[in-house]
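A structural walkthrough
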Amino acid sequence: DTGVSQNPRHKITKRGQNVTFRCDPISEHNRLYWYRQTLGQGPEFLTYFQNEAQLEKSRLLSDRFSAERPKGSFSTLEIQRTEQGDSAMYLCASAGTGAYEQYFGPGTRLTVT
Amino acid sequence: GQNIDQPTEMTATEGAIVQINCTYQTSGFNGLFWYQQHAGEAPTFLSYNVLDGLEEKGRFSSFLSRSKGYSYLLLKELQMKDSASYLCAVIANDYKLSFGAGTTVTVRA
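What comes next concerns the included structure.

Glancing now at the side chain of Q102 of chain A. When you line up the elements, Q102 of chain A lands in the loop between β9 (88–95) and β10 (103–104). The exposure class assigned to Q102 of chain A is buried, which follows from its relative accessible area of 0%. Among the polar contacts made by the side chain of Q102 of chain A, one reaches the side chain of Y35 of chain A at a distance of 2.7 Å. A polar contact of 3.2 Å, which involves the side chain of Q102 of chain A, links it to the backbone oxygen of Y95 of chain B.

Structural data, given as structure tokens:
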């Protein structure tokens, strides 16, 4: 399968713990996006990378959130000191050079108890 | 910023036609997408419109009017498997997708 993959698919954690998610984009896609989706809402933009450079971060992304794409391939999203309000589906998407269409991964569902 | 509106829910009968409307206000418009999302799954691409007019792709068609800030997704010959959320999204010069809240379509037998 050469689509976007995300790990883990589900994560249950206790409030205050740190969690890290991984996204592997479609190979050779230079742009990688992170979105968050809560029940009954559309995905909300969090941040995106062009190659290894993080070009934009949403104001939704508090200082507890950090994302990296160290070699311009896979990316990680870390949430420190998780809160119950962080419970959501975290979606990753990638796009090729100059292309507008974004391809989504299956998502990581985070539950903070 | 973007402001995207679409109905919350629609119900239709198997074999029927349903039209999902989407209105948007945006700066730097570079196209409008429709995605389908089944419960618990990732959004999957349905269509992309950047010019005015109708794009037909099998049972699904998408229409765009840039001057009116309006699009619709037309689903024909509805099947039970079409029960899903349909997301309207706009992309601007910044390459970011801004999504509406989604329209949940329920297909009844």
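This next bit is on the nonpolar core. Counting residues in each nonpolar core, the largest one holds 20 residues, and the members touching the most others are I20, L32, W34, L73, L75 and Y86 of chain B. For this core, the secondary-structure elements that each account for two or more residues are β3 (18–25), β4 (29–37), β7 (60–65), β8 (70–75), β9 (84–92) and β11 (103–108) of chain B. Leave out the neighbours within four places in its chain, and L75 of chain B touches A16, I17, V18, I20, R59, F60 and Y86 of chain B. I26, L61, A88 and V112 of chain A belong to the second largest nonpolar core, which has 19 residues in total.

So, about the state of the cysteines. This model, assessed by the stated rule, comprises two disulfides over all chains. Paired through a disulfide, C23 of chain A and C92 of chain A show a sulfur-sulfur distance of 1.8 Å. Residues C23 of chain A and C92 of chain A share a disulfide whose torsion about the S-S bond is about -65°; that sign makes it left-handed. Of the two residues, C23 of chain A sits in strand β3 (residues 19–24) while C92 of chain A sits in strand β9, which places them 69 residues apart along the sequence. Relative accessible area serves as the criterion here: at 0%, C92 of chain A is assigned to the buried category. With its sulfur 2.0 Å from that of its partner, C22 of chain B forms a disulfide with C88 of chain B. Here C22 of chain B and C88 of chain B share a disulfide; its torsion about the S-S bond, -70°, makes the bridge left-handed. Placement of the pair is C22 of chain B in strand β3 and C88 of chain B in strand β9, with a sequence separation of 66 residues.

What counts as what
- Counting from 1, residues in each chain are numbered in the order their sequence is written.
- As a convention, the first chain written is A and the first ligand written is 1, with the rest following in written order.
- With pLDDT at 70 or above as the cut-off, local features in this predicted model cover only qualifying residues; side-chain atom pairs require 80 or more to be listed or tallied, and sums for whole chains, interfaces and linings still use all residues.
- Hydrogens and waters are ignored; side-chain quantities use all the structure's heavy atoms.
- Strands here mean DSSP runs of E at least two residues long; helices mean DSSP runs of H or I at least four residues long; both are numbered from the N terminus.
- Exposure is judged per residue with a 1.4 Å probe applied to protein chains only, and the accessible area is read against the type maximum: over 50% gives exposed, under 20% gives buried, and values in between give partly exposed.
- Any pair of N or O atoms that falls within 3.5 Å is considered a polar contact. Within protein, one atom must be able to donate a hydrogen and the other to accept it, and sequence-neighbouring residues count only if both atoms are side-chain atoms.
- Nonpolar cores are built from buried Ala, Val, Leu, Ile, Met, Phe, Trp, Tyr and Cys residues. Side-chain atoms within 4.5 Å join them into one set.
- The contact criterion used throughout is that any non-hydrogen atoms of two residues lie within 4.5 Å.
- The rule for a disulfide is simple: a pair of cysteine sulfur atoms within 2.5 Å.

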